[in-house]
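Working through the structure, step by step
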Amino acid sequence: MNILGLETSCDETAAAVVRDGRVLLSNVVASQVEMHARYGGVVPEVASRQHVLAIVPVINQALEQAGLDLDGLDGIAVTMGPGLAGALLVGLNTAKSLAFARGLPFLGINHLEGHIYATWLSNESPEESPGLPLLCLVASGGHTDLILMEDHGKYRLLGRTRDDAAGEAFDKAARVLGLGYPGGP
């Protein structure tokens, strides 16, 4: 089973093809870092407009890398939140349109849960799975969460940052110190 996954929650347009829920056949990312660097951080409307420009080429490249075309897909998955509303809408509408036009199942995925399940992905047929329960540290955009995953789909939030996530704190500190954007590197 081949699933095309789309991710447009913030400032990167991404598409990947995953076989049987575990094997990563392709992974293509169009970054907007250089564009947002002039503003010292992500500008939501600019990010949304860039997703509109990048989404089709990124999908085409992901399919090409996977050695597939749209006929070789069994479903379409997409990040449905949390994230920037306008950016999410680009990915959601693209995924829904493709799924509808091709008669494929549509899967809306929680952005943070997607980060957790990325642990299960491999470029080869994986022989082992991460054991459960497991402790997850999700550090993504505006989120830094410590989560206990007791079983598939069963999570317990143990803690999170109160204000900015770690990445946003790096960006703001870098701006104050004149180090540029993004602040992590």
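For the structure, check the block above.
Now for a description of the structure that goes with this document.

About the cut-offs
Residues numbered from 1 in each chain as written. Predicted model: local features only at pLDDT ≥ 70, side-chain atom pairs only at ≥ 80, totals over all residues. Heavy atoms only, no water. Axes fitted to C-alpha atoms, helices over the stretch in contact; angles between N-to-C directions. Helix = DSSP H or I, 4+ residues; strand = E, 2+ residues; numbered from the N terminus. Left-handed = near helix turned anticlockwise from the far one by under 90°. Contact = heavy atoms within 4.5 Å. Nonpolar A, V, L, I, M, F, W, Y, C, P; charged D, E, K, R; others polar. Core = buried A, V, L, I, M, F, W, Y, C linked by side-chain atoms within 4.5 Å. Buried < 20%, exposed > 50% of the residue type's maximum accessible area, 1.4 Å probe, protein only. Patch = residues over 30% accessible without salt bridge, like charges linked within 9 Å, V, L, I, M, F, W, Y side chains within 5 Å. Areas by Shrake-Rupley, 256 points an atom, 1.4 Å probe, with all protein chains shown as cover. Salt bridge = Lys/Arg side-chain N within 4 Å of Asp/Glu carboxyl O.

Side note on the packing of helix α2 (residues 44-66) against helix α3 (residues 85-102)
Look at α2 against α3: their axes get within 8 Å of each other, and the N-to-C directions meet at 35 degrees. For the crossing formed where α2 meets α3, the hand is right-handed. Only Gly86, Ala87, Val90, Thr94 and Leu98 of α3 make contact with α2, whose side of the interface consists of Ser48, His51, Val52, Ile55 and Ile59. Counted by class, the contact of α2 with α3 contains six nonpolar, four polar and no charged residues.

Some remarks on the nonpolar core
In this structure, Leu4, Leu6, Ala15, Ile59, Leu73 and Ile76 are the most contacted members of the largest nonpolar core, which totals 22 residues. Contributions of two or more residues to this core are made by β1 (2-7), β2 (12-19), α2, β4 (75-81) and α3. Tallying contributions element by element places α2 first for this core, with seven residues. Not counting chain neighbours up to four residues away, the residues in contact with isoleucine 59 comprise Leu4, Leu6, Ala15, Thr94 and Leu98. Leu112, Leu134, Cys136 and Val138 belong to the second largest nonpolar core, which has eight residues in total.

A closer look at a nonpolar patch on the surface
A contiguous nonpolar surface patch, about 400 Å² in accessible area, is contributed by Leu135, Leu137, Leu146 and Leu158. Mapped onto the elements, leucine 146 comes out in strand β7 (residues 143-151). Since its relative accessible area comes to 33%, leucine 146 is described here as partly exposed.

So, to be careful, I would describe these as geometric facts and stop short of saying anything about function.
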